[in-house]
Amino acid sequence: MTDRVLLGASVHTFDACLQLAHEYGVGLELQAFAYPEVLDNGWEILVERYKRALIDLPGERSMHGPFLDMSSGSPDPQIREVVARRINHSIEIADRLNVPLIVYHANFIASIRNGSYRRDWSAQQVEFWQPLAERAGRLGITLALENMWEFDPHIIADVLQQVDSPSLMACLDVGHALLFSEVALATWLEVMSPYVTHLHLNNNLGEIDEHRALNNGVINYPAILPSLRALPRHPSFCLEISDPEAIRRSMIYLDTPRKVQSLKRKTQV
């Protein structure tokens, strides 16, 4: 079975990532629409450009939604209203671009360890995401909550369990889980396995969130990839790596369609 691979493409790296996507027969995660400077200035022009560029994309599509200061669990209804407006805007963009999956950060404030904060945050998140998941589902779009500062996989899993919608799933960011949590990756996978439909893969040096090549950091990807591939939903793998050349160096670890076809041809000779 081949890996479902996408390349994280920012507004600056889109052309290079598109070229790599065609070279390897994979897809793209559009990350330009995660940022307010794009959402508030010229997003419609960018949508039309991407429409044309993605016509013959050989792989899948996903999109990163807005995440900076997006506090969907805020107790302030006016803050939640702003966040919901941004989320709905990104759902509109995804619908225009025929993107079936959008990634959002849950944005739990990890420095607050009070039990009351966690309970109230969880309840607020359920109330916030339920109607958005229903709207996305009607459009054939899945929303995926990504772990960032969350130190415990149950923080997001509890929300997903309560919403109980096929249109609200999880994006597991491996680098974030290892940087910001002391919980073993195996436990993250066990707890999140019913919900993980998408993964963000990159590496770091164990201190800050860097988007390095898979072979350039403290994470041993050859050791963990079998566990990621074994997740029950056969999730897509997004290489969320800043440098296109670092993306190329990372492709050796993944079973892309064209790599598998090449190996088959060699064995048949």
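All figures in this text were calculated on a predicted structure; none of them were measured in a lab.

Rules behind the numbers
- Residues numbered from 1 in each chain as written.
- Predicted model: local features only at pLDDT ≥ 70, side-chain atom pairs only at ≥ 80, totals over all residues.
- Heavy atoms only, no water.
- Helix = DSSP H or I, 4+ residues; strand = E, 2+ residues; numbered from the N terminus.
- Rg over C-alpha atoms; globule rule 2.2 N^0.38 Å.
- Buried < 20%, exposed > 50% of the residue type's maximum accessible area, 1.4 Å probe, protein only.
- Contact = heavy atoms within 4.5 Å.
- Areas by Shrake-Rupley, 256 points an atom, 1.4 Å probe, with all protein chains shown as cover.
- Phe/Tyr/Trp six-rings, centres within 6.5 Å; stacked < 30°, edge-to-face > 60°.
- Lys NZ or Arg CZ within 6 Å of the ring centre and 35° of its normal.
- Pairing = 2+ DSSP bridges.
- Axes fitted to C-alpha atoms, helices over the stretch in contact; angles between N-to-C directions.
- Polar contact = N/O pair within 3.5 Å; in protein donor to acceptor, adjacent residues only side chain to side chain.
- Parallel < 35°, antiparallel > 145°, perpendicular 65-115°, else oblique.
- Left-handed = near helix turned anticlockwise from the far one by under 90°.
- Nonpolar A, V, L, I, M, F, W, Y, C, P; charged D, E, K, R; others polar.

Draft legend 1. Layout of the overall build of the protein. In terms of regular secondary structure, the protein is built from 11 helices and eight strands. In summary, the protein has a C-alpha radius of gyration of 18 Å against a globular reference of 18 Å for 269 residues, a match within 12%. Expressed along its principal axes, the backbone C-alpha trace of the protein runs to roughly 65 × 45 × 30 Å. Counting the 269 residues in the protein, one finds 54% classified as buried. Restricting to contacts in the protein with at least 6 residues of sequence separation, those with at least 24 account for 75%. Carbon together with sulfur atoms contributes 51% to the accessible area of the protein, which is approximately 12,300 Å² in total.

Draft legend 2. Representation of the environment of Gln124 within the structure. Turning to its location among the elements, Gln124 is positioned in helix 5 (residues 115-138). Distance in space between the C-alpha atoms of Gln124 and Gly73 is 5.3 Å, their sequence separation being 51 residues. Excluding residues within four positions of it along the chain, Gln124 makes contact with Ser72, Gly73, Ser74 and Arg80.

Draft legend 3. Molecular detail of the packing of aromatic side chains. Under the defined criterion, the tally for this structure stands at nine aromatic pairs. Relative to Tyr50, the ring of Phe14 lies with its centre 4.2 Å away and its plane at 15 degrees, an arrangement referred to as stacked. Taken together, the residues span a long stretch of sequence, with Phe14 in helix 1 (residues 14-24) and Tyr50 in helix 3 (residues 43-53) at a distance of 36 residues. We note that Phe14, like Tyr50, is buried. Judged by centre distance (5.1 Å) and plane angle (55 degrees), the ring pair of Phe108 and Tyr117 falls under tilted. Here the two residues Phe108 and Tyr117 agree in accessibility, since each one is buried. Over the face of the ring belonging to Phe151 we find Arg113, whose NZ or CZ atom lies 3.6 Å from the ring centre.

Draft legend 4. Representation of the environment of Leu30. By secondary structure assignment, the location of Leu30 is in strand 2 (residues 27-30). Take Leu30: its relative accessible area is 1%, and that puts it in the buried class. A sequence separation of 178 residues divides Leu30 from Ile208, and the C-alpha atoms of the two residues are 23 Å apart. Among all residues touching Leu30, those that are not within four sequence positions of it are Ala9, Phe14, Tyr50, Leu54, Ser62, Met63, His64, Leu97 and Val99.

Draft legend 5. Molecular detail of the sheet that holds strand 1 (residues 5-9). The eight strands are arranged 1-2-3-4-5-6-7-8 in a closed barrel whose pairing can be described as parallel. Across this sheet, the average inter-strand angle for adjacent strands is 30 degrees, counted without regard to direction. Here four bridges tie strand 6 (residues 168-173) to strand 7 (residues 196-201), and the two strands are oriented parallel to one another. Paired with Leu172 across the bridge in strand 7 is Leu199.

Draft legend 6. Up close: unusual backbone geometry. Positioned with a positive phi, Asp69 is a non-glycine residue whose angle comes to about 60 degrees. Topologically, Asp69 is positioned in the loop between strand 3 (61-64) and helix 4 (77-96). Owing to a relative accessible area of 76%, Asp69 belongs among the exposed residues under this scheme.

Draft legend 7. The side chain of Ser72, seen in detail. Examined against the element boundaries, Ser72 turns out to sit in the loop between strand 3 and helix 4. One polar contact links Ser72 to Gln125, side chain to side chain, over a distance of 2.7 Å. When neighbours within four sequence positions are excluded, Ser72 is seen to be in contact with Arg80, Val83, Ala106, Gln124, Gln125, Phe128 and Trp129.

Draft legend 8. Focus on the packing of helix 3 against helix 4. Relative orientation of the contacting elements helix 3 and helix 4 amounts to 30 degrees, with a least axis distance of 10 Å. In this view, helix 3 runs roughly parallel relative to helix 4, as classed from their interaxial angle. Considering the relative orientation of helix 3 and helix 4, their crossing is right-handed. Mapping the contact onto sequence places Trp43, Glu44, Val47 and Lys51 in helix 3 and His89, Glu92, Ile93 and Arg96 in helix 4. Split by residue class, the contact of helix 3 with helix 4 holds three nonpolar, one polar and four charged.

Draft legend 9. Up close: the packing of helix 4 against helix 5. Closest axis-to-axis distance for the helix 4/helix 5 pair is 11 Å, and the angle between their directions is 25 degrees. As summarised for this structure, helix 4 and helix 5 are arranged roughly parallel, according to the angle between their axes. As for the relative orientation of helix 4 and helix 5, their crossing is right-handed in sense. Two secondary-structure elements touch here, helix 4 through Arg80, Val83, Ala84, Ile87, Asn88, Ile91 and Glu92 and helix 5 through Gln124, Phe128, Trp129, Leu132, Arg135 and Ala136. Taken together, the residues of the contact of helix 4 with helix 5 sort by class into eight nonpolar, two polar and three charged.

Purely spatial values, then, with no claim about function.
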